Amino acid sequence: MKVDLGLHVMDRPDVTPPGAVIILDETLRPGAAEYSYHLSRPPASIAVVDRMLRDPSTAYVARRKEAEHEEMRARSRYPDLRDIYLAGAPAQSSFASMTSVLR
């Protein structure tokens with residue numbers, strides 16, 4: 001089930017519109033943009049990344065985003081990595097404070 005608490009608050013909402021607050025597949029707050037979630041990447045996504053990697057003007061961005069994607073995948077699998085990541089967040093954004101609303 002999808003849980004996405006952090007996509008709603010963006011550093012640059014003018015560049016990356018905020019997404020919905022989703023808890024256990026339920027949208028609690030709608031977002032300005034709708035983002036999709038996939039267990040594996042669709043072919044269209046792979047094609048875009050490949051095209052970006054081949055273009056010198058976008059290759060750096062594609063490599064950086066690929067690295068971020070892999071880091072987040074690792075964090076999703078290991079609670080210790082998740083906790084280290086969230087430890088750097090503001091107090092109201094800790095995993096404990098975000099999930100306290102579920103109780």
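A few points on the structure. No experiment lies behind these values; they were computed from the predicted model shown.

Analysis parameters
Residues numbered from 1 in each chain as written. Predicted model: local features only at pLDDT ≥ 70, side-chain atom pairs only at ≥ 80, totals over all residues. Heavy atoms only, no water. Patch = residues over 30% accessible without salt bridge, like charges linked within 9 Å, V, L, I, M, F, W, Y side chains within 5 Å. Areas by Shrake-Rupley, 256 points an atom, 1.4 Å probe, with all protein chains shown as cover. Salt bridge = Lys/Arg side-chain N within 4 Å of Asp/Glu carboxyl O. Buried < 20%, exposed > 50% of the residue type's maximum accessible area, 1.4 Å probe, protein only. Helix = DSSP H or I, 4+ residues; strand = E, 2+ residues; numbered from the N terminus.

**Regarding a nonpolar patch on the surface**
Then comes step 1: A contiguous nonpolar patch, built from Tyr 78, Leu 81 and Ile 84 and spanning about 320 Å² of accessible area, is present on the exposed surface.
Then comes step 2: Owing to a relative accessible area of 62%, Ile 84 belongs among the exposed residues under this scheme.

**Some words on the pattern of salt bridges**
Then comes step 1: Applying the stated criterion across every chain yields a total of six salt bridges.
Then comes step 2: Here Glu 68 ties to Arg 64 by a salt bridge, and the two come within 3.4 Å at their closest N and O atoms. Placement of the pair is Glu 68 and Arg 64 together in helix α2 (residues 59-77), with a separation of four residues, close to one helical turn.
Then comes step 3: Judged by its relative accessible area of 31%, Glu 68 falls in the partly exposed class.
Then comes step 4: Here Glu 71 makes a salt bridge to Arg 75, at a shortest N to O gap of 3.8 Å. Separated by four residues within a single helix, Glu 71 and Arg 75 lie in helix α2, roughly one turn from each other.
Then comes step 5: Three or more residues joined by partner-sharing salt bridges are found here, namely Arg 64, Lys 65 and Glu 68.

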